[in-house]
Amino acid sequence: MAIELRVPTILRTYTGGAKAVSGDGTTLAELIDDVDGSHPGIKERIVDGGDLRRFVNVYVNDEDVRFTGGLKTGVRDGDVVVVLPAVAGG
Amino acid sequence: MLTVDSATYDAIVAHARRDHPDEACGVVAGPAGSDRPERFVPMLNAAMSPTFYEFDSTDLLKLYKEMDERDEEPVVIYHSHTATDAYPSRTDIALAQEPGAHYVLVSTRDGAHDPAHDGPLEFRSYRIVDGDVTEEEVRVVPSHDGARRD
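On a predicted model such as this, the values are computed, not experimentally measured, just so you know. (Residues numbered from 1 in each chain as written. Chains lettered and ligands numbered in written order. Predicted model: local features only at pLDDT ≥ 70, side-chain atom pairs only at ≥ 80, totals over all residues.)

## A look at the environment of Arg-12 of chain A
Residue and element names in this part refer to chain A. Within the element layout of this structure, Arg-12 appears in the loop between strand E1 (3-6) and strand E2 (20-23). Take Arg-12: there are 16 C-beta atoms within 10 Å of it, and that puts it in the partly exposed class. In this structure Arg-12 touches Val-7, Gly-17, Ala-18 and Lys-19, once residues within four positions along its chain are discounted. (Helix = DSSP H or I, 4+ residues; strand = E, 2+ residues; numbered from the N terminus. Buried ≥ 20, exposed ≤ 12 C-beta atoms within 10 Å, placed from the backbone. Contact = placed C-beta atoms within 7 Å.)

Right, dumping it as structure tokens:
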């Protein structure tokens with residue numbers, strides 16, 4: 001088992017076009033680090049400094065992680081993590 | 001070029017007018033790879049602002065899951081400007097993250113929000129990729145069946 005990370009179109013340049021990749025970790029931060037190890041560069045597009053980028057949404061099992069602890073949100077085998085760029089503008 | 005059927009065009013304009021003076025936003029989904037905007041999906045502007053729009057994060061997830069199940073993509077992403085022209089703002093350009101989409105802008109300024117307004121209405125479409133904006137022609141057709149015949 002592993003954790004599935006679903007990647008939006010704009011980040012699939014880092015995954016060779018794959019819509020989903022898998023990784024491990026006990027928190028969202030660890031999972032992103034692990035995925036960045038095999039897909040270098042993807043982390044920088046999701047995380048800025050020590051926090052999630054303002055206009056990138058991340059969901060663990062359909063819950064927006066902004067309400068569950070952000071990068072500290074716990075994850076485990078079998079979880080599905082979805083990354084979606086915000087649709088926003090001025 | 002963006003080809004859009006008249007019912008979808010009218011629905012986008014009606015939504016922009018309804019939400020004026022706040023910005024309205026939404027997508028028109030279509031079969032993946034088809035470039036045909038077929039399914040009009042008005043979204044809530046979670047910012048409820050005359051100068052900013054953002055899809056609600058829960059609605060955004062629901063929308064993308066639904067499109068995934070139907071093998072669709074966001075062919076059009078639209079929003080309105082309510083006091084300025086229908087051209088992407090610096091914020092629009094910085095935040096555009098769907099390089100495959102047609103970004104449609106409608107302006108409801110200068111009385112265009114009024115359904116009785118009989119002047120021209122600005123309805124323009126752009127590609128926004130890596131900060132580069134390219135305007136494209138908008139063609140309104142009676143229906144997509146019509147579009148396929150020519």
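There's more to say after this.
## A short note on the interface of chain A and chain B
If you look at the interface, chain A gives 15 residues, while chain B gives 20 residues. When residues of the side of chain A that touches chain B are traced back to their parent elements, those giving at least two are strand E5 (56-60), strand E7 (80-85) and strand E8 (88-89) of chain A. For the side of chain A that touches chain B, the leading source of residues is E7 of chain A, giving three residues. Tallied by class, the residues present in the side of chain A that touches chain B amount to nine nonpolar, four polar and two charged. Note: E8 of chain A against strand E4 (residues 53-54) of chain B, two bridges, orientation antiparallel. (Nonpolar A, V, L, I, M, F, W, Y, C, P; charged D, E, K, R; others polar. Pairing = 2+ DSSP bridges.)

## Things to note about the confidence of the model for chain B
Note that predicted coordinates carrying low pLDDT should not be read in detail. Summing up the model confidence of chain B, the mean pLDDT is 94 and the portion of residues at 70 or higher is 96%. Across the assembled chains, the prediction reports ipTM 0.93 with pTM 0.94. (pLDDT = per-residue confidence, 0-100.)

## Some thoughts on the pairing of E5 of chain A
Residues and elements named next belong to chain A. With four of five residues buried, E5 is to be regarded as a mostly interior element. Relative to E7, E5 runs antiparallel, the two sharing five bridges. Of the residues in E7, the one forming a bridge with Tyr-59 is Val-82. Where E5 meets strand E6 (residues 63-64), two bridges bridge the pair, whose relative direction is antiparallel. From the neighbouring strand, Tyr-59 faces E6, where its bridge partner is Asp-64.

## Quick notes on the sheet that holds strand E7 (residues 122-129) of chain B
Hydrogen bonds between backbone atoms are what pair the strands of a sheet, whose relative direction is either parallel or antiparallel. Residue and element names in this part refer to chain B. Here six strands make up an open sheet; going across it, the order is E3-E2-E5-E6-E7-E8 and the pairing mixed. In this open sheet, the two strands that pair with only one neighbour each are strand E3 (39-43) and strand E8 (132-136). Here the strands of the sheet are splayed against their neighbours by 30° on average, with no regard to which way each runs. The pairing of strand E2 (residues 25-31) with strand E5 (residues 72-81) spans seven bridges and is classified as antiparallel. When the bridges of E5 are listed, Ala-29 appears paired with Pro-74. Packing against the sheet, helix H1 (residues 6-19) makes contact with E2, E3, E5, strand E6 (102-107) and E7, and its axis sits at approximately 50° to E6. This element, helix H2 (residues 57-69), spans E2, E3 and E5 of the sheet and lies at about 145° to E5. (Axes fitted to C-alpha atoms, helices over the stretch in contact; angles between N-to-C directions.)

## Some points on H2 of chain B
If you check H2 of chain B, its first and last C-alpha atoms are 19 Å apart, about what 13 residues at 1.5 Å a residue would give, namely 18 Å. If you check which residues of H2 of chain B are buried, you get Leu-60, Leu-63 and Tyr-64 of chain B. With its buried residues spanning 90° around the axis, H2 of chain B presents them on a single face. More than 90 degrees from the buried face of H2 of chain B, the exposed residues found are Lys-62 and Glu-69 of chain B. Buried residues along H2 of chain B sit in contact with E5 and E7 of chain A together with E2 and E3 of chain B. Directly after H2 of chain B, the chain includes Asp-71 of chain B, whose backbone phi takes a positive value near 55°. (Expected span 1.5 Å × (residues − 1). Arc of directions from axis to C-beta.)

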